[in-house]
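Listed here are the chains, written in short residue letters.
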Amino acid sequence: MKIIIMGPPGGGKGTQAEYLRDTLLIPHISTGAIIRKAISEKTPLGLKAEEYIAEGHLVPDDIVIAMVKERLGEEDCRKGYILDGFPRTIPQAEALDEMGVTPDCVLCIDVEDESIVERLSGRRECKDCAASYHVKYNPPQKEGVCDKCGGELILRSDDVPETIRERLKVYHEQTEPLEEFYRAKGLLRMAKGCEELEDTTRNVMRALGVEK
Ligand code: ADP
Ligand code: ZN
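Residues numbered from 1 in each chain as written. Chains lettered and ligands numbered in written order. Predicted model: local features only at pLDDT ≥ 70, side-chain atom pairs only at ≥ 80, totals over all residues. Heavy atoms only, no water.

A. Local environment of the sheet that holds strand E7 (residues 153–154). Across the sheet, which stays open at both edges, the three strands sit in the order E6-E5-E7 with antiparallel pairing between neighbours. Because the sheet does not close on itself, it has two edges, and the strands there are strand E6 (132–134) and E7. Of the pairings in the sheet, the one linking strand E5 (residues 123–126) to E7 comprises two bridges and is antiparallel in character. The partner of Cys126 across the bridge, within E7, is Leu153. (Pairing = 2+ DSSP bridges. Helix = DSSP H or I, 4+ residues; strand = E, 2+ residues; numbered from the N terminus.)

B. Representation of the coordination of the zinc ion (ligand 2). For the zinc ion (ligand 2), the full set of protein donor atoms is Cys126 (SG), Cys129 (SG), Cys146 (SG) and Cys149 (SG), and the range of their distances to it is 2.3 to 2.4 Å. Coordination at the zinc ion (ligand 2) is tetrahedral, judged from the four donor atoms that bind it and the angles of 99 to 116 degrees they form at the metal. All donors of the zinc ion (ligand 2) belong to a single chain; written as a sequence motif, their spacing is C-x2-C-x16-C-x2-C. The class for Cys146 is buried, based on a relative accessible area of 3%. (Donors = N, O, S within 2.8 Å, 3.2 Å for Na, K, Ca; no water. Tetrahedral: all angles 85-135°; square planar, octahedral: opposite > 155°, others 65-115°. Buried < 20%, exposed > 50% of the residue type's maximum accessible area, 1.4 Å probe, protein only.)

C. Inspection of the packing of helix H1 (residues 13–24) against helix H9 (residues 197–207) at higher detail. Between H1 and H9, whose axes approach to 10 Å, the crossing angle comes to 60 degrees. With respect to each other, H1 and H9 are oriented oblique. In the crossing of H1 with H9, the sense of the turn from one axis to the other is right-handed. Across the interface between the two elements, Thr15, Gln16, Tyr19, Leu20 and Thr23 of H1 pack against Leu197, Thr200, Thr201, Val204 and Met205 of H9. Split by residue class, the contact of H1 with H9 holds five nonpolar, five polar and no charged. (Axes fitted to C-alpha atoms, helices over the stretch in contact; angles between N-to-C directions. Parallel < 35°, antiparallel > 145°, perpendicular 65-115°, else oblique. Left-handed = near helix turned anticlockwise from the far one by under 90°. Contact = heavy atoms within 4.5 Å. Nonpolar A, V, L, I, M, F, W, Y, C, P; charged D, E, K, R; others polar.)

D. Local environment of the site of ligand 1. In the vicinity of ligand 1, 20 residues are found, and the nearest of them are Lys13, Thr31, His57, Gly85 and Arg167. Here an oxygen atom of ligand 1 sits 2.6 Å away from a polar atom, N or O, in the main chain of His57. In isolation ligand 1 offers 540 Å² of accessible surface; the protein chains occlude 97% of this area. (Near = heavy atom within 4 Å. Polar contact = N/O pair within 3.5 Å; in protein donor to acceptor, adjacent residues only side chain to side chain. Areas by Shrake-Rupley, 256 points an atom, 1.4 Å probe, with all protein chains shown as cover.)

E. Examining the nonpolar core more closely. By size, the foremost hydrophobic cluster in this structure holds 30 residues, and its most contacted members are Ile35, Leu72, Leu83, Leu96 and Tyr182. Of all the secondary-structure elements, those providing two or more residues to this core are strand E1 (2–6), helix H2 (31–40), helix H3 (44–54), helix H4 (61–72), strand E3 (81–84), helix H5 (90–98), strand E4 (105–110) and helix H8 (177–184). Looking at which element gives the most residues to this core, the answer is H4, with six residues. Excluding anything up to four places from it in sequence, Leu96 contacts Ile4, Leu72, Leu83, Phe86, Pro87, Val101 and Tyr182. (Core = buried A, V, L, I, M, F, W, Y, C linked by side-chain atoms within 4.5 Å.)

F. Just the environment of Ile3, in detail. Within the element layout of this structure, Ile3 appears in strand E1. Measuring from C-alpha to C-alpha, the distance between Ile3 and Tyr81 comes to 6.4 Å, with 78 residues separating the pair along the chain. If near-sequence neighbours (up to four positions away) are discounted, Ile3 is found in contact with Leu24, Tyr81, Ile82, Leu83, Cys105 and Leu208.

Shown next, in the form of structure tokens:
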């Protein structure tokens, strides 16, 4: 099964993608996580991507497309995967088509702009395994510590208010048109994002046709 998961920054798509990974037992491929790893390792790609992310802009299509192409060619992707954060532009979606990838469905988590700032400023991410938490909606068992690996939880540098507003603008301008792109192909499934994590998960499973 190949699932694309999209939605505004901080809309909870990473968390839902982790849930789907654990339920469907297919890899979770997050372009944001791949890019952040490249930045922390200071690879050539990471050095290029860093300035875009810091300003809340998208990393150029050619860089991200090359990255995804490489990742999807790996062995563990043969049975399917959850693509989180890709495609994010029409040219990226077209590149995916050209790679011969047809998703089974495109899940879009729908969240109002007003809730985004609160969600993002409360978001914490594990420095080591990139698991994501929210201080209020999805807290770890021990404050500041990852439940999964014991790593330190940090606030991402792009989760500050100025950058959040820019990311929302970019989302509306560049990513939202994908809804129409995939609706036209009959692949789009909308799921309403809620305050409570479990409510969002229920909507996601319903949108995928699995009752929970
Ligand atoms: P969020 O959805 O909360 O913004 P992500 O981890 O998915 O978080 O992405 C973080 C940043 O990584 C984005 O703001 C963007 O700069 C970059 N990025 C991730 N995926 C893509 C993509 N497909 N194309 C371009 N840039 C991307
Ligand atoms: Zn961790």
